Amino acid sequence: MPSEYEALVSALQATGIPFAEYGWKTRPEGAYGVVSLDYEAGSCDGDGVKCDRSFSASVDLFYSLLSDRNAMVPEIESVLEEICGGSWELNSIQHETGTGLFHIEWTCQVTDEGS
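Keep in mind that this is a model prediction, so the values were computed, not measured.

Concerning the overall build of the protein chain
Here is step 1: Broken down by element type, the protein chain carries two helices and five strands.
Here is step 2: Put simply, the protein chain runs from its N terminus to its C terminus through helices and strands in the order α-β-β-β-α-β-β.
Here is step 3: Looking at the protein chain as a whole, 40% of its 115 residues are labelled buried.
Here is step 4: Contacts in the protein chain between residues far apart in sequence, at least 24 positions, make up 53% of those at least 6 positions apart.
Here is step 5: Entry remark: accessible area of the protein chain is about 6,400 Å², with carbon and sulfur atoms responsible for 47%.
Here is step 6: Computed over 5 positive and 20 negative side-chain charges, the inter-centroid distance for the protein chain is 9 Å.

As structure tokens, this is what we get:
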């Protein structure tokens, strides 16, 4: 696992918002999040050897109360800024009719530190 991804998971779990990697067997009551490493986003090869690479990760937040958004969104974006610098973006904001939950997704790029 890329070290920045591991740091991202730890920092999100330290927010107090329940976060799991890749999904929940049973989702928690209230707001919760999911973080996942999605795919290799880019690489630099030299002399037939992979010298450097980055990965795309996603962070998803689910909540039911609009008032939760005002506290949680800045906290998650602060973590993304701290770990990923400028390599993140807000990808989508949705309301899921089936669950009644709001869903915000961010995508970011992570690497191994020092790569």
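And the narrative resumes.
Some thoughts on helix α2 (residues 66–84)
Here is step 1: The end-to-end C-alpha distance of α2 is 26 Å, a good match for the 27 Å that 19 residues give at a rise of 1.5 Å each.
Here is step 2: Helix geometry: α2 is bent most strongly at Met-72, by close to 30°, with proline Pro-74 lying one to four residues after it.
Here is step 3: Within the sequence span of α2, burial applies to Met-72, Val-73, Ile-76, Val-79, Leu-80, Ile-83 and Cys-84.
Here is step 4: In the segment just after α2, Gly-85 is the residue with positive phi, at about 65°.

Some details on the packing of aromatic side chains
Here is step 1: Going through the model one piece at a time under the given rule, you end up with three aromatic pairs.
Here is step 2: Summarising the aromatic geometry, the rings of Trp-24 and Tyr-32 are spaced 6.3 Å apart at their centres and angled 85° between planes, so their arrangement reads as edge-to-face.
Here is step 3: Residues Tyr-63 and Phe-102 carry aromatic rings whose centres are separated by 5.4 Å and whose planes lie at 20° to one another, so their mutual orientation is stacked. Here Phe-102 lies in strand β5 (residues 101–110) and Tyr-63 lies in strand β3 (residues 49–63), a separation of 39 residues in the sequence. Grouping residues by exposure puts Tyr-63 and Phe-102 together as buried.
Here is step 4: Taken together, the ring pairs in this structure connect Trp-24, Tyr-32 and Phe-62 into an aromatic cluster.

Some words on the pairing of β5
Here is step 1: The buried fraction of β5 is high, at nine of 10 residues.
Here is step 2: Two elements, strand β4 (residues 88–96) and β5, share eight bridges in a ladder whose sense is antiparallel. Within β5, the position partnered with Glu-96 by the bridge is Leu-101.
Here is step 3: Here β4 folds back onto β5 in antiparallel fashion, the turn holding four residues, of which Gly-100 has a positive phi close to 75°.

Definitions and cut-offs
Residues numbered from 1 in each chain as written. Predicted model: local features only at pLDDT ≥ 70, side-chain atom pairs only at ≥ 80, totals over all residues. Heavy atoms only, no water. Helix = DSSP H or I, 4+ residues; strand = E, 2+ residues; numbered from the N terminus. Buried < 20%, exposed > 50% of the residue type's maximum accessible area, 1.4 Å probe, protein only. Contact = heavy atoms within 4.5 Å. Areas by Shrake-Rupley, 256 points an atom, 1.4 Å probe, with all protein chains shown as cover. Lys, Arg positive; Asp, Glu negative; His and termini not counted. Charge placed at Lys NZ, Arg CZ, Asp CG, Glu CD. Expected span 1.5 Å × (residues − 1). Bend = angle between axes of the 7 residues up to and from the residue. Phe/Tyr/Trp six-rings, centres within 6.5 Å; stacked < 30°, edge-to-face > 60°. Pairing = 2+ DSSP bridges.

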